[in-house]
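# Report on the structure
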Amino acid sequence: GFALAAQATLNFTNTVTGQPLDLSDAPAEGRDTEAVKKFLATGVNVYVENPTCLPKGKDLFLSMCSGCHGHYGEGKIGPGLNDSYWTYPKNMTDQGLFETIFGGAQGQMGPMYGALNLDEMLLVMAWVRHFYKDDPNDAVWLTPAQRAAFKRFNEKEDQTPDLDKAPVCKAT
Ligand code: HEM
Ligand code: CA
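Our subject in this report is the structure included herewith. (Residues numbered from 1 in each chain as written. Chains lettered and ligands numbered in written order. Predicted model: local features only at pLDDT ≥ 70, side-chain atom pairs only at ≥ 80, totals over all residues. Heavy atoms only, no water.)

## Quick word on the coordination of the iron atom of ligand 1
The coordination sphere of the iron atom of ligand 1 contains the protein donors His69 (NE2) and Met109 (SD), at a distance range of 2.0 to 2.1 Å. Given six donor atoms and angles of 88 to 179° at the metal, the environment of the iron atom of ligand 1 is assigned as octahedral. Within this pair, whereas His69 is found in helix H4 (residues 66–69), its partner Met109 is found in the loop between helix H5 (94–103) and helix H6 (118–130), the two being separated by 40 residues in sequence. Taking relative accessible area as the criterion, His69 reaches 10% and is therefore assigned buried. You can call Met109 partly exposed: its relative accessible area is 23%. (Donors = N, O, S within 2.8 Å, 3.2 Å for Na, K, Ca; no water. Tetrahedral: all angles 85-135°; square planar, octahedral: opposite > 155°, others 65-115°. Helix = DSSP H or I, 4+ residues; strand = E, 2+ residues; numbered from the N terminus. Buried < 20%, exposed > 50% of the residue type's maximum accessible area, 1.4 Å probe, protein only.)

Right under this line is the structure:
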């Protein structure tokens, strides 16, 4: 094993079975970024509503998730991720959302730890939070300050820059 398990003070569990997730299944790359270390210790994703990091999250979502969940998470063969209804209510927390992405759910929703590293999962999660189109008051995953500033996502007004024109993603 490696030191990751020792860093994580939260217990991460599979969304369907409730069994502990083995975070050492994750690729070596992306395990020890500042964002990952903070997330594993606190459940806080510093990439959420960080405009410098959204382009990368969008890019990853388009390549890894949109085929099943739709271009902007509107739903396709997988459920919509851009609204306030969640099959698994734990996805209303960033810890729960991470657990579902890392360990998968039922059917076609397989575990993503073979396809995305931990840092990339946090980036995808930030994009999923950003394309939310329902009432910000129901966006319990945001901090109160983020919720107050949040604008419902409208794909016609999406000005997220392409990745090659994006600023450096800086966790703050
Ligand atoms: C369910 C995220 C990739 C198919 C879910 C849920 C989340 C999610 C959060 C639970 C939604 C809820 O509680 O309402 C993602 C992300 C992906 C991804 C972020 C990319 C990293 C995929 C892919 C497929 C897929 C590639 C198809 C091959 C499904 C299906 C469900 C689901 C069928 C329903 C599973 C169930 O209800 O147990 N996904 N997903 N997803 N996803 Fe994905
Ligand atoms: Ca939904």
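## Some thoughts on the coordination of the calcium ion (ligand 2)
Listed as protein donors to the calcium ion (ligand 2) are Gly80 (O), Asp83 (OD) and Tyr85 (O); their distances from the metal cover 2.3 to 2.4 Å. Read in sequence order, the donor residues coordinating the calcium ion (ligand 2) give the pattern G-x2-D-x1-Y.

## Thoughts on the site of ligand 1
As a matter of local geometry, ligand 1 sits amid 22 residues, with Cys65, Cys68, His69, Tyr88 and Met109 nearest to it. The backbone of Thr87 places a nitrogen or oxygen atom 2.7 Å from an oxygen atom of ligand 1. One of the side-chain N or O atoms of Tyr88 is found 2.4 Å from an oxygen atom in ligand 1. Only H4 and H5 provide two or more residues apiece to the shell around ligand 1. With three residues, H5 is the single largest residue contributor to the shell around ligand 1. Taken together, the residues of the shell around ligand 1 sort by class into 15 nonpolar, seven polar and no charged. (Near = heavy atom within 4 Å. Polar contact = N/O pair within 3.5 Å; in protein donor to acceptor, adjacent residues only side chain to side chain. Nonpolar A, V, L, I, M, F, W, Y, C, P; charged D, E, K, R; others polar.)

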